[in-house]
Amino acid sequence: AVQAARASAGSPLDALTSVWGYDAFRGEQAEIIETVARGDDALVLMPTGGGKSLCYQIPALVREGTGIVVSPLIALMHDQVDALEQLGVRAAFLNSTQQLDERRDVERRLLAGELDLLYLAPERLPAAADLLDRARIALFAIDEAHCVAQWGHDFRPDYLRLSMLHERWPDVPRVALTATATAETREEIVRNLGLGDARVFVSSFDRPNIQYRIAPKQDAKNQLLQIIEAEHPGEAGIVYCLSRASVEKTADWLAGKGITALPYHAGLPAQTRSRNQARFLREDGIVMVATIAFGMGIDKPDVRFVAHLDLPKSVEGYYQETGRAGRDGLPSTAWLAYGLQDVVQQRRMIADGEGDAQRKRAQSLHLDAMLALCETVQCRRQQLLGYFGEPSGPCGNCDTCLNPPEAFDGTVPAQKLMSTILRLKRERGQQFGAGHLVDILLGRETERTLRSRHSELSTFGIGTELGDQEWRGVIRQLLAQGLLEVQGGYGVLALTDAAGAVLRGEQEVRLRREPERVRAARKPRG
Ligand code: ADP
Ligand code: ZN
């Protein structure tokens, strides 16, 4: 088998056909490979499933020496190396999970020139530097390069050390790859890795076969079940939940409804995790209920739906997670349910979380962008691609295109809500959350409105033109638009400075009216 790769080390196309058995390069692969094979640096932005791996694997075969691949996906290195060995490529990895003698053997093979590719965890780099000095290096590939951006959504401090690659081995070409990067993140990658002279390759981020849908959360589990039964019965899917507890609860609940659902989160025993992952990959029609710990680097082509039962922290995360659907190019669904509680919870997590003020500001802006995507009355895809700097038109394959929400002048409802919040604040030191506000606006004589004597407020019962869910929608949207904010840990709502202009009637508020039950027009698949 070793011969296969060696013999191919002629042209990139020879390698593609003789080692991988493919006929032609896709998209910009050929140009990227040529750039790196020639010894120049490259920055590659390509969506999941676009074929990034070949962009460093083939140059590593074509060039003299070993291609060093820096990747944070330690759990996957074993599989990646296995897959390459099956093809006859001489590959190995170095990471913290290995025994000393195993590591020694890899080092020996590297120095003897017996490796085409070596996968390296970023934290091993400083320790491995002397070793690399003594080896012949074909190139450095920096996978998941967005991890070097502090401004990004998935920063990993170990990645900052990768700036040493350029300083210590200035003649070795580098290729940095990512499936998620806004213009800001891209600039930071270039800056932190010293890739100023790199050629930048940006593929379209559009995944036209994925239908994006974002629905107000009512009873998320039942909403999900309905979608699975109506549109994806017996098909593979991933369901993302925020917490480990809700992963387990949801998996149990779905299993109780006759769906083959398995849990996956970092708190499960390693054995359970790998068993569930293996079943998901090998068997048909498994629904994996998981935290975002699941999915990076998972190459399962026929995932027919990705559902989020909780709001992702960023558009980048949302794009990456939904991108795991439909890698085979067939129609797939990305469905997200989100509600007021998500906004409250996420804001609280940012406030209580680790990190300095700048980090929190970045997290806050990431959340704002995610909320804007949820509340848009425009095409979801257009907004999503626009976020990554890619202009496009309405797509015809998302919920807002298929079932356009109505936009309406929500200034008066906003004013009613805001003045209620103001009155609550003025009259007592206590503060109340969204449910109580809605009760007041609807004039409900609940125990709480009566006891607090909020039933005597002048705004009591002035909001009967909207229903319960609609008012919650208004609150959510005002939060998303930065007119309201959540204070403290208990979802207490307060006005922001920007609210003043609305209260004074100087600024109009546009809101999105939710069709009562959003169901995109889509034929169930058989
Ligand atoms: P990414 O890392 O960008 O998510 P991969 O490198 O894992 O994508 O490639 C996705 C899938 O497409 C893999 O199964 C890969 O073998 C396949 N692939 C990549 N390039 C080609 C090509 N030129 N022709 C056919 N299949 C390809
Ligand atoms: Zn659309």
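Residues numbered from 1 in each chain as written. Chains lettered and ligands numbered in written order. Predicted model: local features only at pLDDT ≥ 70, side-chain atom pairs only at ≥ 80, totals over all residues.

Per an unreviewed UniProt entry, the recorded name for the chain is DNA helicase RecQ, and the organism is Georgenia faecalis. In its Catalytic activity (unreviewed entry) section, UniProt records this for the chain: "Couples ATP hydrolysis with the unwinding of duplex DNA by translocating in the 3'-5' direction." Quoted straight from UniProt, the Sequence similarities (unreviewed entry) entry for the chain says "Belongs to the helicase family. RecQ subfamily." (UniProt positions renumbered as here; feature names shortened; annotations may be inferred.)

Asker: What should I look at first to understand the overall build of the chain in this one?
Answerer: Summing up its helical and strand segments, the chain has 22 helices and 17 strands in all. What you see for the chain is a C-alpha radius of gyration of 26 Å, in line with the 24 Å of a compact globule of 526 residues. Principal axes of the C-alpha set define a box for the chain whose edges measure 85 × 50 × 45 Å. Taking all 526 residues of the chain together, 46% fall into the buried category. In the chain, once contacts between residues fewer than 6 apart in sequence are set aside, the share between residues at least 24 apart is 72%. (Helix = DSSP H or I, 4+ residues; strand = E, 2+ residues; numbered from the N terminus. Rg over C-alpha atoms; globule rule 2.2 N^0.38 Å. Buried ≥ 20, exposed ≤ 12 C-beta atoms within 10 Å, placed from the backbone. Contact = placed C-beta atoms within 7 Å.)

Asker: What am I meant to see in the site of ligand 1 here?
Answerer: Within the structure, ligand 1 sits among 13 residues, and Tyr22, Arg26, Gly51, Lys52 and Ser53 are positioned closest to it. Per-class residue counts for the shell around ligand 1 are 4 nonpolar, 6 polar and 3 charged. (Near = placed C-beta within 6 Å. Nonpolar A, V, L, I, M, F, W, Y, C, P; charged D, E, K, R; others polar.)

Asker: Where do I start with the environment of Lys52 in this structure?
Answerer: In this structure, Lys52 sits in the loop between strand 1 (42–45) and helix 4 (53–62). Owing to 23 C-beta atoms within 10 Å, Lys52 belongs among the buried residues under this scheme. Placed 205 residues apart in sequence, Lys52 and Lys257 show a C-alpha to C-alpha distance of 39 Å. Filtering out sequence-adjacent residues up to four positions away, Lys52 remains in contact with Val44, Met46 and Leu177.

Asker: Please explain the sheet that holds strand 10 (residues 261–264) as it appears in this structure.
Answerer: Paired through their backbone hydrogen bonds, the strands of a sheet run either parallel or antiparallel. If you trace the 6 strands from one edge of the open sheet to the other, you get 8-13-12-9-11-10, paired in parallel fashion. Across the chains shown, the open sheet's two edge strands, defined by having one partner strand only, are strand 8 (210–216) and strand 10. Put simply, the sheet's adjacent strands are angled 15° from each other on average, direction ignored. Relative to strand 11 (residues 287–290), strand 10 is paired through 4 bridges, and the arrangement is parallel. Following the sheet pairing, Tyr264 is matched in strand 11 by Ala290. (Pairing = 2+ DSSP bridges. Axes fitted to C-alpha atoms, helices over the stretch in contact; angles between N-to-C directions.)

Asker: Would you explain the environment of Ile292 in this entry?
Answerer: Structurally, Ile292 can be placed in the loop between strand 11 and strand 12 (305–308). Each C-alpha atom of the pair Ile292 and Gln469 lies 29 Å from the other, and the pair is 177 residues apart in sequence.

Asker: Which parts of the structure should I look at to understand the sheet that holds strand 4 (residues 117–120)?
Answerer: Taken in spatial order, the 7 strands line up as 3-4-2-5-6-1-7 in an open sheet, and their pairing is parallel. The sheet is open, and its two edges are formed by strand 3 (91–94) and strand 7 (199–202), each paired on a single side. Recorded for the sheet is a direction-independent mean angle of 20° between the axes of neighbouring strands. Where strand 1 meets strand 7, 4 bridges bridge the pair, whose relative direction is parallel. Looking at the pairing, Leu45 lines up with Val202 of strand 7. Across the sheet, helix 3 (residues 29–37) lies against strand 1, strand 5 (137–142), strand 6 (174–178) and strand 7, angled at about 155° from strand 1, the strand it touches most.

Asker: Is there a simple way to think about the packing of helix 2 (residues 12–20) against helix 4 in this case?
Answerer: Helix-helix packing is characterised by the crossing angle of the two axes and by the distance between the axes. Across the interface, helix 2 lies against helix 4 with an axial gap of 9 Å and an inter-helix angle of 110°. Considering the angle they form, helix 2 stands roughly perpendicular to helix 4. On the side of helix 2, the interface is formed by Pro12, Ala15 and Leu16, while helix 4 contributes Ile58, Leu61 and Val62. Here the residues of the contact of helix 2 with helix 4 sort into 6 nonpolar, no polar and no charged. (Parallel < 35°, antiparallel > 145°, perpendicular 65-115°, else oblique.)

Asker: How should the nonpolar core be read in this particular structure?
Answerer: Considering soluble globular proteins, one finds that nonpolar side chains tend to be buried as a cluster. Val239, Met288, Val289, Leu437 and Ile475 are the most contacted members of the largest nonpolar core, which totals 84 residues. Of the residues forming this core, the biggest block, 6 residues, is contributed by helix 21 (residues 468–480). Not counting residues within four places of it along the chain, the set of residues in contact with Val239 comprises Leu224, Thr250, Val287, Val289, Ala307 and Leu309. Grouped together as the second largest cluster of nonpolar side chains are 63 residues, Cys55, Leu132, Tyr159 and Ala198 included. (Core = buried A, V, L, I, M, F, W, Y, C linked by C-beta atoms within 7 Å.)

Asker: So what exactly am I meant to see when it comes to the pairing of strand 6 here?
Answerer: On any regular strand, side chains alternate: one points to one face of the sheet, the next to the other face. In terms of burial, strand 6 is a largely internal element, 5 of the 5 residues being buried. Neither face of strand 6 is open: one carries Arg174, Ala176 and Thr178, the other Val175 and Leu177, and all of them are buried. Pairing geometry for strand 1 and strand 6, over 4 bridges, is parallel. Each residue of the ladder has a partner; that of Leu43, found in strand 6, is Ala176. Relative to strand 6, strand 5 is paired through 3 bridges, and the arrangement is parallel. Across the sheet, Ile142 pairs through a bridge with Ala176, a residue of strand 6.

Asker: It is not clear to me how unusual backbone geometry should be interpreted in this structure. Could you clarify?
Answerer: What you tend to see is this: most non-glycine residues have negative phi, and most peptide bonds are trans. Here Glu144, not a glycine, exhibits a phi torsion of approximately 50°, which is positive. On the basis of neighbour count, Glu144 is assigned to the buried category, with 23 C-beta atoms found within 10 Å. Positive phi, close to 60°, is recorded for Arg453, a residue that is not glycine. Mapping Arg453 onto the fold places it in the loop between helix 20 (447–451) and helix 21.

Asker: What's the story with the packing of helix 14 (residues 340–352) against helix 15 (residues 357–375) in this structure? I'm lost.
Answerer: Direction vectors running N to C along helix 14 and helix 15 enclose 165°, while the axes themselves pass 10 Å from each other. Taken together, the axes of helix 14 and helix 15 lie roughly antiparallel to each other. Handedness of the helix 14/helix 15 crossing: right-handed. The residues of helix 15 that touch helix 14, namely those facing Val343, Gln346 and Ile350, are Lys360, Gln363, Ser364, Leu367 and Leu371. Tallied by class, the residues present in the contact of helix 14 with helix 15 amount to 4 nonpolar, 3 polar and 1 charged. (Left-handed = near helix turned anticlockwise from the far one by under 90°.)

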